[in-house]
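Here's the letter readout for the chains.
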Amino acid sequence: MVAKPLVAQRADPETVADPDVIVIGAGISGMYQLYRLRELGMRVLVLEAGSDIGGTWYWNRYPGARFDSESWSYGYSFSKELLQEWDWPEHFSAQPDTLRYLEYVADKFDLRKHMRFHSRVVAARFDDEASIWTVELESGERFAAPLLITALGPLSAHTLPNIPGRDSFAGPAWHTARWPHGGVDLKGKRVGIIGTGATAIQTIQTIAKDVGHLTVFQRTPNWAAPLHNRKITDEEQTRIKASYDEIFERCRQTSTCFIHATDSRKALEVSAEEREAFWEKLYSEPGFGIWVGNFQDVLTDPRANDLASAFMAKKIRQRVKDPEVADRLIPKNHGFGTRRLPLETNYFEVYNQDNVRLVDLNETPIEAITPRGIRTSAEAHEFDILIYATGFDGVTGPYDRIDIRGPGGRRLKDDWTGTPRTLLGVQAEGFPNMLMVLGPHTARGNIPRNIEEVVDWVTGLVKHMREHGLKRVEPRPEAVADWAGHVGKAVEGLLFAGVNSWQTGINRNVEGRDVLRVLGYYGGAVEYRRITGEVAAGGYREFRFD
Ligand code: NAP
């Protein structure tokens, strides 16, 4: 029996009462999925935990938050009108501008009327006989629809550090993914920050000049390269708007959907001078070129990777005055680019400031968080404010936080204790009528590009079902097995696969998340597009329909 929902806060009451599809999440994925399904004439209900649209860009309001994709390659590509109307202020957009952009999109396409905010989904159950999903909110309200589409985002389940006494700190303590909307006054304050990932690096380089004193607690240093961000001039703006077709075509041709394509040369096959000159060039250029546009063997051959790591280590030593601090900032347990590379702006120089101190947790581990601050094995640090830049339970974490049950009460969380089993990353094995946008095993890189492709593909599948009067879709077991084999093969030989990070499913703050898993499709976006295109062209034979 499906409980009738209460009146929606903002969403159109008709849609809420009888949706064809429920989409969970109103971030970049959910917004675009809604837009596409609405084109099919479907009633779509989007349920969103936050008070408005934006997903990642709604939640992550920490100081210095911005993306590392070229702004003009990041926005939606589906509307030429939108592309011409929107002016990105910087080559790498800051969070407030990105959120403003998404709000503009939501207004322009009138998306909010299909959305219900403050609606955190905590459970989803599939009625096998009726082929209906019923989702339940934190509030206990329920909504039902034949189709469920998860647009949860790979990095939405933030995690706090599992340190004794964490909740005893007397002052304000913020996770970067729950930064207060009004900001935090850090001026002159004694601030402690835990973490040195991409988020921490942006936060540290931004707040170091304002705080009274900053102590950075580092467990694992990360390689990081300069972002080289700057404002977009009027002339550039005109040129960008005239070149969108070429920009998106270029993104389609690269395996990560960034504008940067892997160099066909091998680091080990060119002379030392040529190698050094190329790396100097990449280091001086904006964006991810140094990561995804590097020599083709840097992320696969340990010897090439060692050379790249040595180059990056030299840069850190050049930029950090104190050689001991520089040494602590150089990663020792993973090679260059084997974790998602943070891009930075004067990050390393921050450690030359008198008001900044780096604490290496490998030398002096944290023993406890106390009412006054953080106690390590060596000393007690006192703070006014604590910042947890401690990351996310990546990819599967957002799914684990919803009690998702398929036929016979089968629980997705149980199925996904190891590497998930999916078909093309759009459906989990054993969960009919649940489709995923950017769940495990889709291609990932320049995220909105990946999102648009998956959403378009999912929309094609839904359209096929509607045209053929099909009520139920699930992956065929043999197709899942083939895809699992393909996903496993694609990751072979990639150095990152053996390194602890959210990308390999490791999060030491979450019980059970200490085993390496394959959470993406790493055969590249071009290959992913080819495979999914063939499945669609072949009439989706890898799926079983009723
Ligand atoms: P992250 O890369 O997972 O970093 C989390 C940091 O917290 C790590 O340094 C981790 O240390 C540390 N940490 C976690 N628990 C700890 C504990 N109990 N004690 C001490 N240290 C602890 O997370 P993130 O920085 O939020 O970035 C996640 C991803 O978000 C990025 O890789 C990227 O994909 C995305 N992102 C993108 C941008 C951008 O586009 N510019 C910006 C920010 C984030 P260990 O490494 O030792 O675990």
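Residues numbered from 1 in each chain as written. Predicted model: local features only at pLDDT ≥ 70, side-chain atom pairs only at ≥ 80, totals over all residues. Heavy atoms only, no water.

### So, the packing of aromatic side chains
Taken as a whole, this structure holds 35 aromatic pairs when the rule is applied. A cation over an aromatic ring shows up here: Arg-61 above the ring of Tyr-58, its NZ or CZ 4.9 Å from the ring centre. The ring of Phe-278 carries the charged tip of Arg-265 above its face, separated from the ring centre by 4.7 Å. (Phe/Tyr/Trp six-rings, centres within 6.5 Å; stacked < 30°, edge-to-face > 60°. Lys NZ or Arg CZ within 6 Å of the ring centre and 35° of its normal.)

### Remarks on the sheet that holds strand S15 (residues 373–376)
Reading across the sheet, the 3 strands line up as S14-S15-S16 and stay open at both edges, with antiparallel pairing between neighbours. The open sheet has two edge strands, strand S14 (366–369) and strand S16 (380–382), and neither has a second partner. If you compare each strand with its neighbour and ignore which way they point, the axes differ by 20° on average. Pairing geometry for S14 and S15, over 3 bridges, is antiparallel. Of the residues in S15, the one forming a bridge with Ile-366 is Thr-376. (Pairing = 2+ DSSP bridges. Helix = DSSP H or I, 4+ residues; strand = E, 2+ residues; numbered from the N terminus. Axes fitted to C-alpha atoms, helices over the stretch in contact; angles between N-to-C directions.)

### Focus: the environment of His-486
Within the fold, His-486 resides in helix H18 (residues 477–491). Residues His-486 and Ser-284 lie 202 residues apart in sequence; the distance between their C-alpha atoms is 37 Å. Those residues in contact with His-486 that sit more than four places away from it in its chain are Tyr-521, Glu-527 and Ile-531. (Contact = heavy atoms within 4.5 Å.)

### A short note on the site of the ligand
Near the ligand there are 26 residues, and of these Arg-66, Thr-199, Arg-219, Thr-220 and Trp-502 occur at the shortest range. Asp-68 places a polar side-chain atom, nitrogen or oxygen, 3.1 Å from a nitrogen atom of the ligand. Contact with the protein chains removes 86% of the 910 Å² of surface that the ligand exposes when unbound. Top contributing element to the shell around the ligand by residue count: helix H7 (residues 198–207), with 3 residues. Of the residues belonging to the shell around the ligand, the class tally is 10 nonpolar, 10 polar and 6 charged. When residues of the shell around the ligand are assigned to domains, at least three map to each of domain 1 (21–53 + 111–157 + 394–545) and domain 2 (166–388). (Near = heavy atom within 4 Å. Polar contact = N/O pair within 3.5 Å; in protein donor to acceptor, adjacent residues only side chain to side chain. Areas by Shrake-Rupley, 256 points an atom, 1.4 Å probe, with all protein chains shown as cover. Nonpolar A, V, L, I, M, F, W, Y, C, P; charged D, E, K, R; others polar. Domains from an automatic or database assignment.)

### Thoughts on the pairing of strand S9 (residues 190–194)
A large share of S9 lies buried, amounting to 4 of its 5 residues. Relative to strand S10 (residues 213–218), S9 runs parallel, the two sharing 5 bridges. Following the sheet pairing, Ile-194 is matched in S10 by Phe-217. Taking the sense of rotation as the criterion, the β-α-β connection linking S9, H7 and S10 turns out right-handed. With 4 bridges joining them, S9 and strand S17 (residues 385–388) adopt parallel strand pairing. Directly across from Ile-194, in S17, lies its bridge partner Tyr-388. (Buried < 20%, exposed > 50% of the residue type's maximum accessible area, 1.4 Å probe, protein only. Right-handed = clockwise from strand over helix to strand, strands pointing away.)

### Some remarks on the sheet that holds strand S4 (residues 121–127)
Strand order across the open sheet formed by 4 strands is S6-S5-S4-S18, with mixed pairing between neighbours. What marks the edges here is a single partner per strand, and that holds for strand S6 (142–145) and strand S18 (403–405). Sheet twist, expressed as the average angle between the axes of neighbouring strands with direction ignored, equals 15°. Both strand S5 (residues 132–137) and S6 contribute to a ladder of 4 bridges, which runs antiparallel.

### As for the environment of Gly-460
Topologically, Gly-460 is positioned in helix H17 (residues 447–467). Classification of Gly-460 as partly exposed rests on a relative accessible area of 22%. With 150 residues separating them in the primary sequence, Gly-460 and Ala-310 have C-alpha atoms 47 Å apart.

### Concerning the pattern of salt bridges
For the coordinates displayed, the defined rule picks out 53 salt bridges. In this structure, Arg-239 engages Glu-235 in a salt bridge whose closest nitrogen and oxygen atoms are separated by 3.8 Å. Remark: Glu-235 and Arg-239 occur in helix H8 (residues 234–242); sequence separation between them is 4 residues, near one turn of the helix. As far as the burial class goes, Arg-239 and Glu-235 line up, both exposed. Between Arg-513 and Asp-400 there is a salt bridge, with the nearest N and O atoms lying 2.9 Å from each other. Placement of the pair is Arg-513 in the loop between H18 and helix H19 (525–537) and Asp-400 in helix H15 (residues 397–400), with a sequence separation of 113 residues. (Salt bridge = Lys/Arg side-chain N within 4 Å of Asp/Glu carboxyl O.)

### Here's the deal with the pairing of strand S7 (residues 147–150)
Looking along a regular strand, one sees side chains alternate from face to face of the sheet. Side chains of S7 alternate between two faces, with Leu-147 and Ile-149 and Leu-148 and Thr-150 buried alike. Sheet topology places strand S1 (residues 21–24) next to S7; 4 bridges connect them, and they run parallel. Within the sheet, the bridge partner assigned to Ile-24 lies in S7 and is Thr-150. Here 3 bridges tie S7 to strand S21 (residues 434–436), and the two strands are oriented parallel to one another. Across the sheet, the residue bridging to Thr-150 is Met-436, located in S21.

### Quick notes on the nonpolar core
Core analysis: the biggest nonpolar cluster contains 77 residues, and Met-31, Tyr-76, Leu-111, Met-115, Leu-424 and Phe-543 have the highest contact counts within it. Sorting elements by how many residues they give to this core places H17 first, with 8 residues. Per-domain counts for this core show at least three residues from each of domain 1 (21–53 + 111–157 + 394–545) and domain 2 (166–388). Excluding residues that lie within four positions of it along the chain, Leu-424 makes contacts with His-441, Thr-442, Trp-457, Trp-483, Tyr-528, Ile-531, Thr-532, Val-535 and Phe-543. Counting residues in each nonpolar core, the second largest holds 55 residues, with Val-216, Phe-278, Tyr-283 and Ile-316 among its members. (Core = buried A, V, L, I, M, F, W, Y, C linked by side-chain atoms within 4.5 Å.)

### Points about the domain arrangement of the protein
In terms of domain boundaries, the protein breaks down into domain 1 (21–53 + 111–157 + 394–545) and domain 2 (166–388). Placing a centre on the C-alpha atoms of domain 1 and another on those of domain 2 gives a separation of 30 Å. On the domain 2 side, the residues contacting the 21 residues of domain 1 number 23 residues. Buried surface at the junction of domain 1 and domain 2, summed over both partners, amounts to about 1700 Å²; 55% is from carbon and sulfur atoms. At the junction of domain 1 with domain 2, the criterion picks out 0 salt bridges. Put simply, domain 1 and domain 2 have 7 residue pairs in polar contact (both at pLDDT 80 or more) between them. Elements with a contribution of two residues or more to the side of domain 1 that touches domain 2: H17 and H19. Here the side of domain 1 that touches domain 2 is built from residues that sort into 6 nonpolar, 10 polar and 5 charged. (Buried area = accessible area lost by both parts, 1.4 Å probe.)

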